[in-house]
Amino acid sequence: MPSTLVVVVKTVAVAALAALPLVTIWWIHRRASLRARSALGSGLRLNPPRRISGTSMTLVMVDGKEDREHYFFDTDAFYMQRGPVPTAVPLAQITSVTRTSDVIYGRYVWQVCFSKAAGRKCVTFTNNLTLFNRDFLLFLEAVRKANPLATVDRAGLRF
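Residues numbered from 1 in each chain as written. Predicted model: local features only at pLDDT ≥ 70, side-chain atom pairs only at ≥ 80, totals over all residues. Heavy atoms only, no water.

Student: How do you make sense of the overall build of the protein when you look at a structure like this?
Tutor: Each helix and strand counted, the protein has two helices and nine strands in total. Secondary structure of the protein in N-to-C order comes out as α-β-β-β-β-β-β-β-β-α-β. Burial statistics for the protein: of 159 residues in total, 35% are counted as buried. For the protein, contacts bridging at least 24 residues in sequence account for 45% of all contacts bridging at least 6. In the form shown here, the protein has an accessible surface area of approximately 10000 Å², with 60% of it arising from carbon and sulfur atoms. (Helix = DSSP H or I, 4+ residues; strand = E, 2+ residues; numbered from the N terminus. Buried < 20%, exposed > 50% of the residue type's maximum accessible area, 1.4 Å probe, protein only. Contact = heavy atoms within 4.5 Å. Areas by Shrake-Rupley, 256 points an atom, 1.4 Å probe, with all protein chains shown as cover.)

In structure tokens:
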């Protein structure tokens, strides 16, 4: 019969091996988030424009054809594209980027609100954030940098 010390050591070893994949995923995500912050902090110019939305659930008609809305950004503006011509909104005019409680295909819906001459407008979409695509994190950091008074929620791999 094995001693208590041997049982404890084996239990701890099995628990550590079981937790290793989770710790690895957390560490990779944390590095991606820190790299996004440091990339914008160093004045990195992004290749314009970068897509931040997943497959849109908003259907619109463009020239008699069904089309979806897509969202992009660069260092200066947030773009909403329906059809061939995008609508640009300066990042400084964005007042909030918040995560809603709605979930589509396992992803939370995000809401971007901005001020226009006609008042406040909000758009909603799911992001395209993955372990290897950090464009949405770059967008959040760009909004924080362009408008420090904006309300910007934190993003993670699960949302």
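Student: What is the right way to read the nonpolar core from this model?
Tutor: General note: in soluble globular proteins, nonpolar side chains tend to be found buried as a group. In terms of nonpolar packing, the biggest core is built from 25 residues, with Phe 78, Ile 94, Val 97, Val 112, Phe 136 and Phe 139 touching the most fellow members. Listing elements by their share of this core, those giving two or more residues are strand E3 (65-73), strand E4 (77-82), strand E6 (94-104), strand E7 (107-116), strand E8 (119-126) and helix H2 (135-146). Discounting residues that sit within four places of it in the chain, Ile 94 has contacts with Phe 78, Val 112, Cys 113, Phe 114, Phe 139, Val 143, Asn 147 and Ala 150. (Core = buried A, V, L, I, M, F, W, Y, C linked by side-chain atoms within 4.5 Å.)

Student: Honestly, the pattern of salt bridges in this entry has me stumped. Any pointers?
Tutor: Pairing between side chains of opposite charge can happen when the charged atoms of each approach one another. Within the structure shown, the criterion is met by two salt bridges. Two residues, Arg 50 and Asp 135, come together in a salt bridge whose shortest N-O distance is 2.8 Å. Here the residue Arg 50 occupies a position in strand E1 (residues 50-51), and Asp 135 occupies one in helix H2, the gap between them amounting to 85 residues. Here Arg 50 falls in the partly exposed class, since its relative accessible area comes to 24%. Classification of Asp 135 as buried rests on a relative accessible area of 12%. Residues Arg 144 and Glu 141 are paired through a salt bridge, measuring 2.5 Å at the closest nitrogen-oxygen approach. (Salt bridge = Lys/Arg side-chain N within 4 Å of Asp/Glu carboxyl O.)

Student: Help me understand the sheet that holds E8, please; the structure alone is not making it clear to me.
Tutor: Strand pairing in a sheet is mediated by backbone hydrogen bonds. Such pairs are either parallel or antiparallel. Pairing within the open sheet is mixed, and its four strands lie in the order E8-E7-E6-E9. Among the strands making up the open sheet, the edge pair consists of E8 and strand E9 (151-152). Against the sheet, H2 makes contact with E6, E7, E8 and E9, and its axis sits at roughly 150° relative to E6, the strand it touches most. (Pairing = 2+ DSSP bridges. Axes fitted to C-alpha atoms, helices over the stretch in contact; angles between N-to-C directions.)

Student: Before we go on, may I ask you to explain the pairing of E6 in this structure?
Tutor: The side chains of a regular strand alternate, residue by residue, between the two faces of the sheet. With seven bridges joining them, E6 and E7 adopt antiparallel strand pairing. Of the residues in E7, the one forming a bridge with Ser 96 is Cys 113. Taking the residues that link successive antiparallel strands as the turn, the E6-E7 hairpin has two residues, and the phi of Tyr 105 there is positive, at about 50°.

Student: Is there a simple way to explain H2 in this structure?
Tutor: Think of an α-helix as turning once every 3.6 residues; residues three or four places apart then point the same way. Over its twelve residues, H2 extends 16 Å from the first C-alpha to the last, a length consistent with the 16 Å expected when each residue adds 1.5 Å. Taken as a whole, H2 has its buried residues at Asp 135, Phe 136, Leu 137, Leu 138, Phe 139, Leu 140, Glu 141, Ala 142 and Val 143. (Expected span 1.5 Å × (residues − 1).)

Student: What should I look at first to understand the packing of aromatic side chains in this one?
Tutor: Remark: the centre distance and the inter-plane angle together describe each pair of aromatic rings, the angle taken between the planes. Under the definition given, this model contains eight aromatic pairs. For the ring pair Phe 136 and Phe 139, a centre distance of 6.0 Å and an interplane angle of 40° mean the geometry is tilted. Note that Phe 136 and Phe 139 are positioned in helix H2 at a spacing of three residues, about one turn of the helix. One aromatic cluster in this structure is built from Tyr 71, Phe 73, Phe 78, Trp 110, Phe 125, Phe 136 and Phe 139. Here the basic side chain of Arg 99 rests over the ring of Tyr 108, its NZ or CZ set 4.2 Å away from the ring centre. (Phe/Tyr/Trp six-rings, centres within 6.5 Å; stacked < 30°, edge-to-face > 60°. Lys NZ or Arg CZ within 6 Å of the ring centre and 35° of its normal.)

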